[in-house]
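Understanding the architecture of this molecule
The chain contents come next:
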Amino acid sequence: MNRKMLVRSGDVVLIALIAYFAWGKYQNRAPSVQPSEFEANVDLQPLRNLAIQDVGRIKSFDSFARGRMRTIAGPYDVDGHEPVYAYLDLMLDPAKYQNKDIIYVKRAIRPDLARAMEESNIDPNDIKNFVKSGLMAPGMYWLQPMQNQLNKLEQDVIRTQKFVNMINWAMGTADAHRLSSNFAIIPSPTGNDKTPWLTGEQLWGMGFMQDGHDHGQANMGVPGLDPKLGAELTADWNKLVETWRAQDAAGATAAIASLANNLKLVNPELYPDVSKLNLESWYFKMKAFVWVWVVYALAAIPLIMFIAYRMNGALKLGIGMLVIAFGLHTLALGMRWYISGRIPNANMFEAVLASVWFGVLGSFVLEYLVRKTNMKGLFYFGSAICAMIAMMCQQFMPTVLRSDIDNVMPVLDDIWLYIHTNMIIWSYALIGIAAIIALLYLRYRLGGGDPSAARIGGAGSLILDGSTPKGDRFLIDERGSAGKVLDAATMVILELAFVTLWAGLVMGAIWADHSWGRPWGWDPKEVFALCTFVIFIILVHVRFKVRDKGLWTAILAVVGCAVMLFNWIVINFKISGLHSYA
């Protein structure tokens with residue numbers, strides 16, 4: 001194999017990795033805020049592991065608060081505070097946040113809002129900081145020039161309305177009354193697991209988060225609640241409000257501990273397993289394991305060295321790192337499955353996570369089948385790069401790929417969700433791996449590599465290992481052409497992608513007929529999934545006709561990946577349709 005050319009390919013990958021990482025860090029740098037003495041000393045752990053009901057699902061308060069604060073501040077922490085503290089502080093002392101930059105605005109409309117700020121005579125330095133970070137104060141939202149601009153942007157349904165809606169939703173979420181009305185931490189005293197939990201407003205009265213006065217009389221209207229326990233809960237809450245506003249860390253810590261303990265006594269049989277709540281909090285404390293992309297990147301480096309130099313030590317190191325990364329990846333998926341009580345593929349974050357997991361798992365199987373050929377290591381490398389890129393997107397685009405764990409939408413609660421969706425996302429992973437190997441082939445050709453292609457490829461290369469008269473010696477010959485090896489590996493993945501994508505489309509049609517009464521409806525997602533499949537049909541026929549088979553196979557593999565990404569990203573986030581939830 002032409003080692004020098006493949007080393008250059010590895011250099012390109014590493015440079016792209018460094019550039020993307022630097023860009024991601026730039027995009028997500030947050031203002032440095034030193035915690036106050038009160039924040040540093042108050043113990044919020046009992047609250048983090050407290051159960052709260054959110055849209056029918058019981059989750060840890062830590063998980064719930066993270067989701068709400070991400071809605072407000074996007075990729076940043078609210079005023080530099082960790083989510084649980086920020087939630088309570090916004091609810092109990094909202095006035096101090098009116099002039100603090102906590103509302104996140106998408107880049108697309110920042111210039112328009114900056115002009116509105118100029119009309120309002122906002123300090124130029126503040127406008128510059130807003131354009132750079134995307135954060136603005138809630139007070140700015142109500143300025144008349146800002147309202148005029150937002151109303152104008154809201155009229156553009158195609159381009160800017162969704163960004164205005166995000167600002168409106170962030171403002172609503174940051175409202176103290178909204179926060180309190182969602183604060184459903186009190187189990188129903190006499191209900192079951194389907195009964196709505198009570199909020200603080202229902203137990204302590206509408207003013208419970210505003211004045212800190214005794215609202216003990218409100219709990220008399222809660223059927224089944226022991227009056228003594230209700231009085232203790234009210235006393236705990238009043239003490240928490242009082243000590244929080246007085247910045248009394250010791251008093252607030254005691255009130256939080258007592259409140260958390262008494263809440264578990266309201267309906268002990270209904271209260272969820274504390275260990276599960278602790279696990280959910282720990283899962284998000286570990287950033288949902290999206291940092292595992294670093295381990296995948298570390299695996300990719302020795303793998304490309306093996307592909308170029310056939311260094312067995314590099315292969316062993318790369319496989320070892322890949323096994324570690326895959327183990328952590330599997331742990332992350334398993335934890336989401338256990339916490340949510342369902343297969344984790346019901347939203348975009350989970351679909352991306354599961355897709356590349358299938359890709360890496362498949363690479364282990366394929367590598368076993370080609371272990372005696374020159375294709376060895378290519379599938380490991382391709383899957384590691386795909387997993388790395390996917391998890392980088394999860395880490396550096398948290399407002400797009402939100403890691404919140406929610407219930408499955410009722411329309412999706414069907415066995416076909418797990419059959420059709422898993423088949424489709426597996427095919428997407430295979431398409432991505434094929435594109436990575438195809439890019440290596442294109443770099444090889446750009447570097448002057450010979451225009452060779454495999455006489456056998458795909459399933460044939462797995463059956464004929466190159467040692468038989470019908471085989472191709474390049475698969476086992478140490479001096480074989482790198483182009484032929486890369487072309488054969490690309491065809492292996494493309495054939496698998498072709499079959500799994502076709503199966504996924506058929507299964508989707510069956511599900512659509514079952515759910516909507518028709519197998520096909522020309523929904524944008526359906527159309528572009530079909531377009532992706534058509535690209536691979538073209539690839540198969542082109543390979544029979546053109547002279548430079550390897551080049552056109554690689555080009556169409558990359559084009560097919562681009563169409564797949566357009567379908568998965570642009571269609572999901574930019575174009576409304578029946579599949580906009582996935």
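Structural notes, computed from the coordinates. (Residues numbered from 1 in each chain as written. Predicted model: local features only at pLDDT ≥ 70, side-chain atom pairs only at ≥ 80, totals over all residues. Heavy atoms only, no water.)

**Let's talk about the overall build of the chain**
Within the chain, the regular secondary structure consists of 24 helices and four strands. Counting across all 582 residues of the chain, residues that qualify as buried make up 53%. In the chain, of all internal contacts separated by at least 6 residues, the share reaching a separation of at least 24 is 73%. By element, 62% of the accessible surface of the chain is carried by carbon and sulfur atoms, the whole surface being about 25700 Å². (Helix = DSSP H or I, 4+ residues; strand = E, 2+ residues; numbered from the N terminus. Buried < 20%, exposed > 50% of the residue type's maximum accessible area, 1.4 Å probe, protein only. Contact = heavy atoms within 4.5 Å. Areas by Shrake-Rupley, 256 points an atom, 1.4 Å probe, with all protein chains shown as cover.)

**As for helix α22 (residues 482-516)**
The end-to-end C-alpha distance of α22, which contains 35 residues, comes to 49 Å, matching closely the 51 Å that a straight helix rising 1.5 Å per residue would cover. Gly-517 sits one or two residues past α22 and shows a positive phi near 80°. (Expected span 1.5 Å × (residues − 1).)

**Some remarks on the packing of aromatic side chains**
For the structure on display, the rule yields 25 aromatic pairs. Geometrically, the ring pair formed by Phe-183 and Trp-237 is tilted, given 5.8 Å between the ring centres and 50° between the ring planes. Of the two residues, Phe-183 is situated in the loop between α11 (176-181) and α12 (200-204) and Trp-237 in helix α13 (residues 227-245); the sequence distance between them amounts to 54 residues. Residue Phe-183 is classed as buried on the basis of its relative accessible area, which comes to 1%. Judged by centre distance (5.5 Å) and plane angle (55°), the rings of Phe-326 and Phe-364 are tilted. In this pair, Phe-326 is assigned in helix α17 (residues 312-340) and Phe-364 in helix α18 (residues 348-369), connecting sequence segments 38 residues apart. Residue classification places Phe-326 among the buried positions, given a relative accessible area of 13%. One aromatic cluster is present, formed by Phe-61, Phe-64, Tyr-87, Phe-183 and Trp-237 through successive ring pairs. A cation over an aromatic ring shows up here: Lys-100 above the ring of Tyr-97, its NZ or CZ 5.5 Å from the ring centre. (Phe/Tyr/Trp six-rings, centres within 6.5 Å; stacked < 30°, edge-to-face > 60°. Lys NZ or Arg CZ within 6 Å of the ring centre and 35° of its normal.)

**Considerations on the pattern of salt bridges**
By the definition in use, this model includes 16 salt bridges. Residue Lys-59 pairs with Asp-406 through a salt bridge whose shortest N-O separation is 3.3 Å. Of the two residues, Lys-59 sits in strand β2 (residues 57-60) while Asp-406 sits in the loop between α19 (378-396) and α20 (415-446), which places them 347 residues apart along the sequence. What makes Lys-59 buried here is its relative accessible area of 3%. Under the relative-accessibility criterion, Asp-406 is labelled partly exposed at 32%. Where Arg-445 meets Asp-548, a salt bridge forms, and the shortest distance between an N and an O atom there is 2.7 Å. Highlighted residues: Arg-445 in helix α20 and Asp-548 in the loop between α23 (524-545) and α24 (549-574), separated in sequence by 103 residues. Look at Arg-445 and you get buried, because its relative accessible area is 18%. For Asp-548, a relative accessible area of 18% gives the class buried. Counted as one network, the salt bridges with shared partners bring together Asp-54, Lys-59, Arg-68 and Asp-406. (Salt bridge = Lys/Arg side-chain N within 4 Å of Asp/Glu carboxyl O.)

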